[in-house]
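Listed below are the residues making up each chain.
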Amino acid sequence: MDRLTSASARRTGTLGTFAGVFTPSILTILGIILFLRTGYVVGNAGLVGSLAIIGIATAVSILTSLSLSAIATNFEVRGGGDYYLISRTLGMEFGGALGVVLFLAQAVSIGFYSIGFAEALSTMLGWESDIAQQVLAVIAVAALFGLAWMGADWASRFQFGVMAILVLALGSFYIGAFDRFDSGTLTEGLGSLTGGENFWVVFAIFFPAITGFTQGVSMSGDLRNPGRSLPRGTFAAVGLSTIVYLSVAVLFAGSAPQVDLAGDEGIMRTISASSFLIDAGVIAATLSSAMASFLGAPRILQSLASDRIFPLLNPFAEGHGEANNPRRGVLVSLAIALGVVAIGNLNLVAPIVSMFFLISYGLLNYATYFEARAKSPSFRPRFRFYRPNVSLIGSLLCAAVIIAINPTAGGLAALLLFGIYQYLRSRPRPERWVASTSGHHFQRARESLSAMGPDQDTGRNWRPQVLVFSADPARRARLLRFASWIEGGSGFTCAVEIALGRGAAARRRQEQLRGALRRQIRSLDLEAFALVVEAEEVASAIPTIVQSVGLGAMRANTVLFNRPIEGSLDAESLRSVSRLGVNVAMLSAEDPGWDGLGKDRTIDVWWFDDDSSRLALLLAYLTTRTEEWASARIRVCASNADDQSLDLLQDYVEDIRIDAVCEAVPGGTVGTVVAASRSADLVLMPMRISKDEILDGHDQPLGDVFDRLPQTAAILAGQRVDLEAGPESGEASEVAALQEEVVDAEDRARTLNRVHEKLLVRLTDLRARAPRDVAARHELAELEEELATVRRRILKAEARAETARRELADRLDD
């Protein structure tokens, strides 16, 4: 294990729930916004609006906490917090992109809270200069840098003292607010302030207040039991802080007029019993929040660097001392914080911080939904109060809030995230962990297979699903490349190799062959699956493999061999595969000029007006859908076709929407075939099997054609090929037609039975009159003849209905 990996693997694990999660989270939530901006929020939005703002922000934090609790109790959480959770779920690309955003959000927060500290202290000292505030912020950043440089232990001691000061400050405010509280003032302050700020502008300023609930997550690598501490500490911090903010908002609304609340940032000092304690609380809260961010940001950067996603960041994986303190990350965080201080405007920085955190919360919610939606057996969170839809709602709520607050800033942040994601996708690198993406894709494939039904292999829905058999790596490479062409981006290819033998030795060889086959597929940069099967002989194994590969509608329908057929395969073996309803293709491409084809290519398809010819024409078309053959010309060669037959063939080709030129080729010998197709880049020749011989479409030995032509593939259709199939064709249409036929026949029989009943009534009447009425006797004879005709029609209709019912039952059983 190298230095970068060991840096990520080490776990200090010294902090519990209270010190490691609850304390940093609650101190960050009850920070600068509580003391300097809550009055501003209530003043502009009114009590009702401010409660709505707190409610929406709290909903984001609660939903995200539920997602966090589910995913944090599903596997061991190491250093990196949110970044670690999301990267191990959504994969390296999303994780790397989000890690950068999370690091920036935390680093920016250092400067954000330091600016708040400077505003508070300058107000206490009576300094109105912006430069003075920036100097104070720089001093704060420098002091916090010293603590972060020394490590988390020093910061933890600092936070306990801060918590005591915060409790005293809040107590002072509650005492003063209760003493000033007036119900009339409360009633007047219910609505928003006339001429005040827009609701979402106020929300954007308030939202950073709740972002501290993930501070404990960032310290996950320093927790003794992250799976237990993260949910408990996070929910405790969110619950208590929500109660505090709601009560403070109500007390603000009843203690001061809206105009004073909106215009005086220090209104909490005026209302509280002790302004000194409020000043101390502001200083303590802002410094504590900044301290938490100063601890979190470098650890996210260290975890990101330890995963070696960005080579430029690799040096930041190195830690210092037994605690593995990320001092290099501390230096980078210092530089970013000083840059934020240079901006100097708290209201300008707040929306930027909101975007970064909202994106991270949205992705954390989505990552949890993604994990749960995949329904992987490994998703077994110990946190039981979770439902997947909760995470989806949380993700959508974060997106909605981004759009409502600042769609421009949100779009730019998302664009940054997308750019990093695409950069990581474009870079080849080994996967360093197993993400949940494969489980997600498996579940989608499972659902799609079930939705496809049992049979998608006819007419309009037919797609090439190719099994490539070869034991020679060099020749297999050409086969796989050819398979990728005839697949045309619409099917799949599976490379098959048979490991001959039985027992432990054969199984070891099977594993070796599987690894070699996968490596070859990767080296060819082709999309194909690898399958190695243990068998005692090739000839008997191939039909079994052909029938076994696939699930549901995703079953092999085309088998591709090299020429000559390898092993002990012969014409009878080919016939046995074809009788399974599977197409057979055999490639002859021994020419070393295989890779030297030019851009202006020609594909010759020999036409004999049978299913093999139609399949060859379809495969030629699919080949032209690949980048390599996109400009190729398809030529349909019809042997001994007269002008009328050629015109009909050209009309047919145009009707099936394939761009091809039809030409008549006189003669039917190997010589005429070679003369016509010698200059073609690829020849597709229908073949057939007669007794023990493999013949071309002219009934000439196929080997003679292979010997004298360039790259040639012989095609034998094992199933009906309908290139004219439309939406109404196929099994569904045939079943519907049978159902209609049953209904029509039954309706016909019922109608004839009603006619028969009426005729029987007339028959009874005529028989009563016939002995004494000559006319009745004549009419009776005609009626009996008509009755006989109706009975025959009834029997015919019932037989037709019964036949249709049987055919329908057979079709549905299939």
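It should be noted that the structure appears before, not after, this text.
Residues numbered from 1 in each chain as written. Predicted model: local features only at pLDDT ≥ 70, side-chain atom pairs only at ≥ 80, totals over all residues. Heavy atoms only, no water.

This part is about the overall build of the protein chain. When you go through the protein chain residue by residue, the secondary structure sums to 30 helices and 13 strands. Expected size for 814 residues packed as a compact globule is a radius of gyration near 28 Å; at 39 Å, the protein chain overshoots this value by more than 25%. For the protein chain, the spread of C-alpha atoms along the principal axes amounts to about 120 × 95 × 55 Å. Scored against the burial criterion, the 814 residues of the protein chain give a buried share of 53%. Pairs at least 24 residues apart make up 81% of the contacts formed inside the protein chain by residues separated by at least 6 positions. Looking at the protein chain as shown, the accessible area adds up to about 36,300 Å², and 56% of this sits on carbon and sulfur atoms. In the protein chain, the 75 positive side-chain charges and the 86 negative ones have mean positions that sit 7 Å from each other. (Helix = DSSP H or I, 4+ residues; strand = E, 2+ residues; numbered from the N terminus. Rg over C-alpha atoms; globule rule 2.2 N^0.38 Å. Buried < 20%, exposed > 50% of the residue type's maximum accessible area, 1.4 Å probe, protein only. Contact = heavy atoms within 4.5 Å. Areas by Shrake-Rupley, 256 points an atom, 1.4 Å probe, with all protein chains shown as cover. Lys, Arg positive; Asp, Glu negative; His and termini not counted. Charge placed at Lys NZ, Arg CZ, Asp CG, Glu CD.)

To continue, consider the pattern of salt bridges. In the structure shown here, the tally under the stated rule is 25 salt bridges. Ionic pairing is found between Arg563 and Asp707, a salt bridge with its closest N-O pair at 2.6 Å. Of this pair, Arg563 sits in the loop between β6 (558-562) and α24 (571-578) while Asp707 sits in helix α28 (residues 702-708), placing them 144 residues apart in sequence. According to the relative accessible area criterion, Asp707 is exposed, its value standing at 53%. Bridged by salt links that share partners, the residues Glu746, Glu802, Arg805 and Arg806 form one connected network. (Salt bridge = Lys/Arg side-chain N within 4 Å of Asp/Glu carboxyl O.)

Attention now goes to a negative patch on the surface. Where like charges cluster on the molecular surface, the negative patch consists of Asp642, Asp643, Asp647, Asp651, Glu654, Asp655 and Glu724. Among the secondary structure elements, Asp647 is positioned in helix α26 (residues 643-655). (Patch = residues over 30% accessible without salt bridge, like charges linked within 9 Å, V, L, I, M, F, W, Y side chains within 5 Å.)

Another aspect to go through is the environment of Arg633. By the secondary structure assignment, Arg633 is in strand β9 (residues 633-639). C-alpha of Arg633 to C-alpha of Leu424: the two residues are 209 residues apart in sequence and 38 Å apart in space. Excluding residues within four positions of it along the chain, Arg633 makes contact with Arg601, Thr602, Ile603 and Glu663.

With that out of the way, let us pick up the pairing of strand β1 (residues 465-469). β1 sits mainly inside the fold: 5 of its 5 residues count as buried. Residues Gln465, Leu467 and Phe469 line one face of β1 and the alternating positions Val466 and Val468 line the opposite face, and both faces are buried. Relative to strand β2 (residues 492-500), β1 runs parallel, the two sharing 5 bridges. Across the sheet, Val466 pairs through a bridge with Thr493, a residue of β2. Handedness of the crossover joining β1 and β2 through helix α21 (residues 473-487) is recorded here as right-handed. In the sheet, β1 pairs with β6 via 3 bridges, with the strands oriented parallel. Looking at β6, one finds that Val468 is bridged to Leu560. (Pairing = 2+ DSSP bridges. Right-handed = clockwise from strand over helix to strand, strands pointing away.)

Okay, the packing of helix α7 (residues 130-150) against helix α15 (residues 275-306) next. The interhelical angle for the contact between α7 and α15, taken along N-to-C directions, is 50°, at an axis separation of 10 Å. Regarding the angle of α7 to α15, the classification is oblique. Handedness of the α7/α15 crossing: right-handed. Across from Ala140, Val141, Leu144, Phe145, Leu147 and Ala148 in α7, the residues of α15 making contact are Leu287, Ala290, Met291 and Phe294. (Axes fitted to C-alpha atoms, helices over the stretch in contact; angles between N-to-C directions. Parallel < 35°, antiparallel > 145°, perpendicular 65-115°, else oblique. Left-handed = near helix turned anticlockwise from the far one by under 90°.)

The subject of this paragraph is the packing of aromatic side chains. Per the counting criterion, the structure on display carries 22 aromatic pairs. Aromatic pair Trp200 and Phe203: ring centres 5.4 Å apart, planes at 70°, arrangement edge-to-face. Residue Trp200 and its partner Phe203 are both found in helix α10 (residues 199-206); the two are separated by 3 residues, about one turn of the helix. The class for Phe203 is buried, based on a relative accessible area of 0%. (Phe/Tyr/Trp six-rings, centres within 6.5 Å; stacked < 30°, edge-to-face > 60°.)

What follows concerns the nonpolar core. Membership of the largest hydrophobic core comes to 133 residues, with the highest contact counts inside it found for Phe35, Phe173, Phe206, Tyr245, Phe252, Phe294 and Leu358. At 18 residues, the largest contribution of residues to this core is made by helix α6 (residues 92-125). Other than its neighbours up to four places away in sequence, Phe35 contacts Leu30, Leu166, Ala169, Glu265, Met268, Ile278, Gly281, Val282 and Ala285. (Core = buried A, V, L, I, M, F, W, Y, C linked by side-chain atoms within 4.5 Å.)

Our focus in this paragraph is the packing of α7 against helix α16 (residues 327-343). α16 packs onto α7 with a crossing angle of 170° between their chain directions and a minimal axis gap of 10 Å. With respect to each other, α7 and α16 are oriented roughly antiparallel. Listed contacts from α16 to Gln134, Ala137, Val138, Val141, Phe145, Ala148, Trp149 and Met150 of α7 are Arg327, Val330, Leu331, Leu334, Ala337, Leu338, Val341, Ala342 and Ile343. Class assignment for the residues of the contact of α7 with α16 results in 15 nonpolar, 1 polar and 1 charged. (Nonpolar A, V, L, I, M, F, W, Y, C, P; charged D, E, K, R; others polar.)

This part covers unusual backbone geometry. Positive phi, normally seen in glycine, also occurs at Asp609, with a value near 55°. Mapped onto the fold, Asp609 is located in the loop between β8 (602-607) and α25 (611-623). If you check the backbone angles, Asn640 has positive phi at about 55° while not being a glycine. The residue Asn640 is located in the loop between β9 and α26 in this model. Given the relative accessible area of 54%, Asn640 is considered exposed.

The buried count for β9 comes to 6 of 7 residues, which makes it a mostly enclosed element. Across 6 bridges, the pairing between β8 and β9 is parallel. In the sheet register, Ile603 faces β9, and the bridge partner there is Ile634. Here β9 pairs with strand β10 (residues 660-665) via 6 bridges, running parallel. Note that in β10 the partner of Ile634 across the bridge is Ala660. Once you follow β9 into α26 and on to β10, the crossover reads as right-handed.

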